[in-house]
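Chain by chain, the residues:
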Amino acid sequence: MKKHETADAVRLEPDQPADATVIWLHGLGADGHDFVPIVPELGLPAGHRVRFLFPHARIQPVTINGGMPLRAWYDIPALDRAARQDEAGLRESEKRIAGLIEAEIASGIPARRIILAGFSQGGAVTLHLGVRCAEPLGGLIALSTYMPLHLKVEAEIHPASFKTPIFMAHGRFDPIVPFAWGSDSARGLRAAGYELEWHEYPMQHQVCEEEIEQIGRWLRERLA
């Protein structure tokens, strides 16, 4: 694969013209480089035509970091689901990533061949945007994360998104994003009618080898 970097993203292009795209969002304080090393571990077949796009979140003050600036998809006032959420920041990131999806579609990649993935805060944006898409995507991958704006999501789900399959995974001992946030979000999505595959692992706020293997299998099934 050929690696290209801009101020906004890291892009991995397949050796042949792309016929599918994975847009992968990093977690709080990381950047687009964070998940690039995982791509060779996904077990994609030789000669695959999958483009990987790893955008960088903008740098902004983050309340739980004492107001110091970090790369973040939205502000986090407190690690408490009952606390005020940064709806404006979340919807700004939703708009940006939706623009990336639209650009891929305009380049000739069908929406059903676009996978949106994310870890932690990036996973929250993935779920938030994924259930509001007016056109079904190839899938959502949400790792160690939760559904933000959970009190509003039911009223904002787009019916077309029910055709988008979801892969969720979480560490049972996660000290950052509590396991219950992820498992509750998964139950809510299943109850709403989504096709959702859930995995849990004996780990903290991270990814593990078994998880990467399962993600690779899930991707291969959907992008075959």
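For the structure, check the block above.
Parameters at a glance
Residues numbered from 1 in each chain as written. Predicted model: local features only at pLDDT ≥ 70, side-chain atom pairs only at ≥ 80, totals over all residues. Heavy atoms only, no water. Phe/Tyr/Trp six-rings, centres within 6.5 Å; stacked < 30°, edge-to-face > 60°. Buried < 20%, exposed > 50% of the residue type's maximum accessible area, 1.4 Å probe, protein only. Pairing = 2+ DSSP bridges. Helix = DSSP H or I, 4+ residues; strand = E, 2+ residues; numbered from the N terminus. Axes fitted to C-alpha atoms, helices over the stretch in contact; angles between N-to-C directions. Contact = heavy atoms within 4.5 Å. Parallel < 35°, antiparallel > 145°, perpendicular 65-115°, else oblique. Nonpolar A, V, L, I, M, F, W, Y, C, P; charged D, E, K, R; others polar. 1 Å grid on protein atoms, 1.4 Å probe; cavity = no way out; pocket = protein on both sides within 12 Å on 5 of 7 lines; lining within 4 Å. Points joined across faces, edges and corners; volume = space filled by probe spheres on them.

J.: Residue-level account of the packing of aromatic side chains, with values.
T.: This model, assessed by the stated rule, comprises eight aromatic pairs. Geometrically, the ring pair formed by Phe52 and Phe54 is stacked, given 6.2 Å between the ring centres and 10° between the ring planes. Among the residues examined, Phe52 registers a relative accessible area of 0% and is labelled buried. On the basis of relative accessibility, which here comes to 1%, the residue Phe54 falls in the buried class. A network of ring pairs unites the aromatic residues Trp24, Phe35, Phe52, Phe54 and Phe119 as a single cluster.

J.: A description of the sheet that holds strand β7 (residues 114-119) should follow, citing residues and the corresponding values.
T.: Pairing is mixed across the open sheet formed by eight strands, whose spatial order is β1-β2-β4-β3-β7-β8-β9-β10. In the strand order of this sheet, the two ends are held by β1 (2-5) and β10 (196-201), each with one partner. The mean inter-strand angle of the sheet, taken between neighbouring strand axes irrespective of direction, is 15°. Sheet strands in contact with helix α4 (residues 179-192) are β9 (166-171) and β10, and its direction is about 165° off that of β10.

J.: Tell me about the packing of helix α1 (residues 87-106) against helix α2 (residues 121-130), and please be specific about residues and values.
T.: The N-to-C vectors of α1 and α2 enclose an angle of 75°; their axes lie 10 Å apart at closest approach. Between α1 and α2, the angle is such that the two are roughly perpendicular. Each of Leu90, Arg91, Ser93, Glu94, Ile97, Ala98 and Ile101 in α1 lies in contact with α2, whose residues at this interface are Val125, His128 and Leu129. Each residue belonging to the contact of α1 with α2 can be placed in one class, and the counts come to six nonpolar, two polar and two charged.

J.: Before we move on, could you go through the layout of surface pockets and cite the residues and values that matter?
T.: Reported here for the largest pocket is a volume of approximately 340 Å³. Looking at the lining of the largest pocket, its residues break down into 15 nonpolar, five polar and five charged. Of the volumes computed, that of the second largest pocket is approximately 190 Å³. Looking at the second largest pocket, the residues that line it are Arg81, Met147, His150, Val153, Glu154, Ile157, Asp184, Ser185, Gly188, Leu189 and Ala192. Going through the elements one at a time, α3 (153-156) and α4 are the ones with two or more residues in the lining of the second largest pocket. The element best represented in the lining of the second largest pocket is α4, accounting for five residues.

What is shown is where atoms sit, not what they do.
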